[in-house]
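# Coordinate analysis (summary)
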Amino acid sequence: QGWHVANVKTYTKYTIAFWYMPTYVKKGWSNIMHLGNSNGRRVPAVWQYPGSLRLHVRTGMSGNSNDGCDPGRQLPMHKWTHVAVAVNGNNIRVYYNGKLVCHRNGKGTAKTYGTERFYMGDPWYVPTRGYVNNLRYYDNALTNGEVRGVRGKTPRSVVSTARPYWQRNSVTRLTRRGWHVANLRTYTRYTMSFWYMPSRTHSGWSNILHLGNSNNRRVPAVWQYPRSTRLHIRTGATGNWNDGCDPGQGLSVYRWTHVGIFVNYNRVQVYYNGRLVCSRGLRGRAATYGTERFYLGDPWYAQTQGYIAHVRFFSKRISPSQLSVSRGSQPSMNVCAQSCSWKSRRFGASMCSQQYCVNHGRRCGHNAWVGGRRSCRRVRGDPHFHTLDGKTISNTKDIGDFVLVKSKSDVSPSFEVQVRAVPASKTKGGTMFSAMVFRHGDEKFEMYATDRSNREKRFAFRHSDGSGESGTVHLFEGESKTFGKFTVEHKGKEVIVKESGGISVIGAGEIDGAMTIIVELPKKYRGKVQGLLGNYNGEKSDDSSDNDFAKNKASSSLFSEEMPSPPSGWSANYQPTQEDVSTAEKACADAGLTDASDKKWCVEDVSMTGNSDWAHILKAAESEDKASDSS
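All of these numbers come straight from a predicted model, not from anything done at the bench. (Residues numbered from 1 in each chain as written. Predicted model: local features only at pLDDT ≥ 70, side-chain atom pairs only at ≥ 80, totals over all residues. Heavy atoms only, no water.)

## Quick look at the overall build of the protein chain
The criterion, for reference: Think of it this way: any DSSP run of H or I at least four residues long counts as a helix, any run of E at least two long counts as a strand, and we number them from the N terminus. Think of it in three bands: residues with accessible area under 20% of the maximum for their type are buried, residues over 50% are exposed, and the middle band is partly exposed, with areas taken using a 1.4 Å probe on protein chains only. Working rule for contacts: check all heavy atoms of both residues, and any pair within 4.5 Å makes them a contact. Computed by Shrake-Rupley with a 1.4 Å probe, the accessible areas treat only the displayed protein chains as cover when residues are assessed.
Looking only at helices and strands, the protein chain features six helices and 42 strands. The 631 residues of the protein chain split such that 54% are buried. Within the protein chain, contacts between residues separated by at least 24 positions form 64% of all contacts whose residues are at least 6 apart in sequence. Of the roughly 26,000 Å² of accessible surface on the protein chain, 44% is carried by carbon and sulfur atoms.

Now the structure itself:
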């Protein structure tokens, strides 16, 4: 803190460029660098957000001494990122690895104060924890090409790698009880790490892994709690053979989480995705038993249902930084696509994690606002959805651009929401929604779901102000921008598009180019709309039926991009075999589904994909609905 490294002259046009590697996330604001003799002089200054790896980039302007431009995306932990801040009068640009990630005009022109002190960690905030390399300051605003040119080669890693004593790198589906995979020596200091993706909960304790020849030798052993995805992590000690440390939060279903278990004599720590989630002292020293059997699913408990990958056992306690480097990226095999097929109800986080509509603290139970003044309806693909008045519709055949909701002729300004149904990934005949367009008056905003596995490419956006062709626009995670009449906010997995009259359209990107779409309409539009979501008159009997997709096909598409051609082998007339249907019916019955619509959707999903996990996912969604209604 307060490390004064140079005196630098300030300019109205300048560029500062550097390589940065964060190694820790602090609870409060943490400063990386600051050019200025006081806290109010920031020309520029860069922080990490509290509890985040996002950068807060400030550069004082004549109209706002705390002006700046904050990129929405977070930096990767323990990896180098090249950061460049270019200021040209009132124009501020921020680059990550040569790519523009934030661009705006400040209030006034850039401030100058003559020669000021340059700090690596200023005196007014706690310093960040990380590394900076190849720091350069230019007395002019570099162009896009010049920024890429000064980037140079990525610096060498400053974190030493650790070699595991034993490892198993393949992605494995956990299906067998008592599966003995190796014999491993036990230690009083060790690290066990692995990627884990739960696919369901269980009525009782279910085991993931166990190092030990008997049930009471646990060095370590890991379970899922009953009816939960929370982990129960045990590592025996001399004073308690069942000692351990259990993080409070559960894991996301069908999402990879990296788990690290650190044991150092008499202390155990647990990390999720590089962040400490549990730490406590053991009762005595960690127990050792020589060489023991290692199980993926032990013989004494039910086998959990899920996937495990990159299991690594270190014969010492490595540092969290070394663990972050050794863990690498999450497994490339997208089990969510395999196990969840293309869609399910209420899935908008990853495709397989439950989500509720949220509006001013209210929840959407059975897709109707609980205590709210709006109608909230969502479309989710096979497609399955509810109309604005609550009728259930399912259609797995039609592809094309469809009118989801459209104002009648007496509404001014007019509006319309269209969705695009395309052939679903990994099916021979199913469909899914891949894009939406929201028109209000002469303006329109388009959103296309892309690669769900890449946070930077989850969506593609286009905007047209009505004066000509639509153009590509950029919106990074965490940002909120105004495009003409539309206010658009990118909140994690969701993008919320609003207009001032109260209409909202929410798009949640899935995997494989699929999208969940939620429409919110104020009650002033009752009886004044039409389309697949019905006429919103309070009577569901006159809403669209399962066969009315053709009736609501858009006569004039609002989309700027062309409709993709169906892949070879896909057919709208494809039907699962009777054997597939019978197997699906049994799986859905065994899961205990009670709602008629859920049963119908379950049979469709399981028979089309051949994956019985759908039944458990829909049962969990049904339980969440009931909990929502009762509250």
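## Describing the state of the cysteines
Spelled out, the test is: Here, the term disulfide refers to a pair of cysteine sulfur atoms separated by no more than 2.5 Å.
According to the stated counting rule, one finds two disulfides in the structure shown. Paired by a disulfide, Cys 69 and Cys 102 hold their sulfur atoms 1.9 Å apart. Looking along the S-S bond of the Cys 69-Cys 102 disulfide, the torsion reads about -95 degrees, which is the left-handed sense. In this pair, Cys 69 sits in the loop between strand E5 (55-58) and strand E6 (81-88) while Cys 102 sits in strand E8 (residues 99-105), placing the two residues 33 residues apart along the sequence. With respect to class, Cys 69 is no different from Cys 102; both count as buried. Paired through a disulfide, Cys 245 and Cys 278 show a sulfur-sulfur distance of 1.9 Å. Every disulfide takes its handedness from the sign of the S-S torsion; for Cys 245 and Cys 278 that torsion is -95 degrees, giving left-handed. Pair noted here: Cys 245 is in the loop between strand E18 (231-234) and strand E19 (257-264) and Cys 278 is in strand E21 (residues 275-281), with a separation of 33 residues, a long-range link. Assigned by exposure class, Cys 245 and Cys 278 land together as buried.

## Remarks on the pairing of strand E20 (residues 267-272)
Where a strand is regular, its side chains alternate between the two sheet faces. This is how the line gets drawn: A pair of strands is considered paired only if DSSP assigns at least 2 bridges between the two.
In terms of burial, E20 is largely enclosed, as five of its six residues are buried. As judged from the six bridges shared by E19 and E20, these two strands associate in the antiparallel manner. Paired with Val 259 across the bridge in E20 is Tyr 272. What sits between E19 and E20 in their antiparallel hairpin is a turn of two residues, with Tyr 265 showing a positive phi close to 60 degrees. In this sheet, E21 lies alongside E20 in antiparallel orientation, the contact comprising six bridges. Counterpart to Tyr 271 in the pairing with E21 is Leu 276.

## What about the pattern of salt bridges?
Stated formally: Each reported salt bridge corresponds to a side-chain nitrogen of Lys or Arg within 4 Å of a carboxyl oxygen of Asp or Glu.
The tally for this structure, following the rule as stated, stands at nine salt bridges. The salt bridge involving Arg 58 is made with Asp 70; its shortest N-O contact spans 2.8 Å. Taken together, the residues Arg 58 in strand E5 and Asp 70 in the loop between E5 and E6 connect sequence positions 12 residues apart. Of the two residues, Arg 58 and Asp 70, neither departs from the other in class, the shared state being buried.

## Let's talk about the side chain of Thr 81
Relative to the helices and strands, Thr 81 is located in strand E6. For Thr 81, a relative accessible area of 1% corresponds to the buried category. Not counting residues within four places of it along the chain, the set of residues in contact with Thr 81 comprises Phe 18, Trp 19, Tyr 20, Leu 75, Pro 76, Tyr 96 and Asn 97.

## Details of the sheet that holds E6
We count it as follows: Fitting a line to C-alpha atoms yields each axis, with helices limited to the stretch in contact; the angle taken between N-to-C directions then spans 0 to 180 degrees.
With antiparallel pairing, five strands are arranged side by side in an open sheet as E8-E7-E6-E2-E11. Looking at which strands have only one partner, the edges of the open sheet turn out to be E8 and strand E11 (130-138). Strand-to-strand, the axes of this sheet are offset by a mean angle of 15 degrees, without reference to chain direction. Direction of pairing for strand E7 (residues 91-96) relative to E8: antiparallel, over a ladder of six bridges. Within the sheet, the bridge partner assigned to Val 94 lies in E8 and is Cys 102. Of the strands in this sheet, strand E2 (13-22), E6, E7 and E11 are in contact with helix H1 (residues 144-151), which crosses E6 at around 145 degrees.

## Some words on the packing of aromatic side chains
The cut-off we apply is this: When the centres of two rings from Phe, Tyr and Trp lie within 6.5 Å, Trp using its six-membered ring, the rings pair. Their planes under 30 degrees apart give stacked, over 60 give edge-to-face, and anything left gives tilted. We call a charge positioned over a ring when the NZ of a Lys or the CZ of an Arg lies within 6 Å of the ring centre and within 35 degrees of the ring normal.
Evaluation of the coordinates by the stated rule reveals 19 aromatic pairs. Residues Tyr 14 and Tyr 137 carry aromatic rings whose centres are separated by 5.8 Å and whose planes lie at 20 degrees to one another, so their mutual orientation is stacked. Of the two residues, Tyr 14 sits in strand E2 while Tyr 137 sits in strand E11, which places them 123 residues apart along the sequence. Assessed through its relative accessible area of 0%, Tyr 14 is described here as buried. Between Tyr 119 and Trp 124, the ring centres sit 5.7 Å apart and the planes meet at 75 degrees, which makes this aromatic pair edge-to-face. Among the aromatic residues, ring-to-ring pairing joins Phe 438, Phe 445, Phe 461, Phe 483 and Phe 486 into one connected group. Cation over ring: Arg 420 sits above Phe 559, and NZ or CZ is 4.4 Å from the ring centre.

## Overview of unusual backbone geometry
Look at the link from Val 219 to Pro 220: it is a cis peptide, with omega at 0 degrees. Along the polypeptide, Pro 220 turns up in the loop between strand E16 (206-211) and strand E17 (221-224). Following Ser 412, the chain continues to Pro 413 via a peptide bond in cis, the omega torsion being -5 degrees. With respect to the helices, strands and loops of the structure, Pro 413 is situated in the loop between strand E31 (400-407) and strand E32 (415-423). Phi at Asn 134 takes a positive value of approximately 50 degrees, unusual for a residue other than glycine. With respect to the helices and strands, Asn 134 occurs in strand E11. When its relative accessible area of 38% is taken as the criterion, Asn 134 is described as partly exposed. With phi around 60 degrees, Tyr 265 is a residue other than glycine that occupies positive phi space. In this structure, Tyr 265 sits in the loop between E19 and E20.

## Quick word on the environment of Ser 252
Of note, Ser 252 is situated in the loop between E18 and E19. Using a relative accessible area of 33% as the deciding quantity, one classes Ser 252 as partly exposed. For the pair Ser 252 and Tyr 196, spaced 56 residues apart in sequence, the C-alpha separation works out to 10.0 Å.

## Re the pairing of E18
Residue alternation in E18 divides its side chains into two sets, Leu 231 and Ile 233 and His 232 and Arg 234, and both sets are buried. Note that E17 and E18 share four bridges and pair antiparallel. Following the sheet pairing, Ala 221 is matched in E18 by Arg 234. In sequence, E17 turns back onto E18 through a hairpin of six residues, with Arg 227 there showing a positive phi of about 55 degrees.

## Remarks on the sheet that holds strand E34 (residues 443-449)
Strands belonging to one sheet form pairs held by backbone hydrogen bonds; the direction of such a pair is parallel or antiparallel. Taken together, seven strands build an open sheet; the order of strands is E36-E35-E34-E33-E32-E31-E42 and the sheet is antiparallel. Sheet topology places strand E36 (471-473) and strand E42 (529-530) at the edges, where each strand pairs with a single neighbour.

## Focus on the side chain of His 202
Definition in use: Distance and chemistry together define a polar contact, namely a pair of N or O atoms within 3.5 Å, with one atom able to donate a hydrogen and the other to accept it when in protein, and with adjacent residues in sequence counting only for side-chain atoms on both sides.
With respect to the helices and strands, the residue His 202 is situated in the loop between strand E15 (189-198) and E16. At 3.1 Å, the side chain of His 202 forms a polar contact with the backbone nitrogen of Gln 305.

## Considering helix H4 (residues 578-591)
Each full turn of the α-helix corresponds to 3.6 residues, which orients residues three or four apart in the same direction. Heads up, the rule is: A helix is expected to span 1.5 Å for every residue after the first. Think of it as the arc spanned by the lines of direction from the helix axis to the C-beta atoms.
Its 14 residues place the ends of H4 20 Å apart at the C-alpha level, agreeing with the 20 Å of an ideal helix rising 1.5 Å per residue. Residues of H4 that are buried: Val 581, Ala 584, Ala 587, Cys 588 and Ala 591. Along the long axis of H4, the arc covered by the buried residues comes to 125 degrees, so they all point the same way. When the buried face of H4 is taken as reference, the exposed residues oriented beyond 90 degrees from it are Gln 578, Glu 579, Lys 586, Ala 589 and Asp 590. Backbone geometry just after H4 places Gly 592 at a positive phi near 85 degrees.

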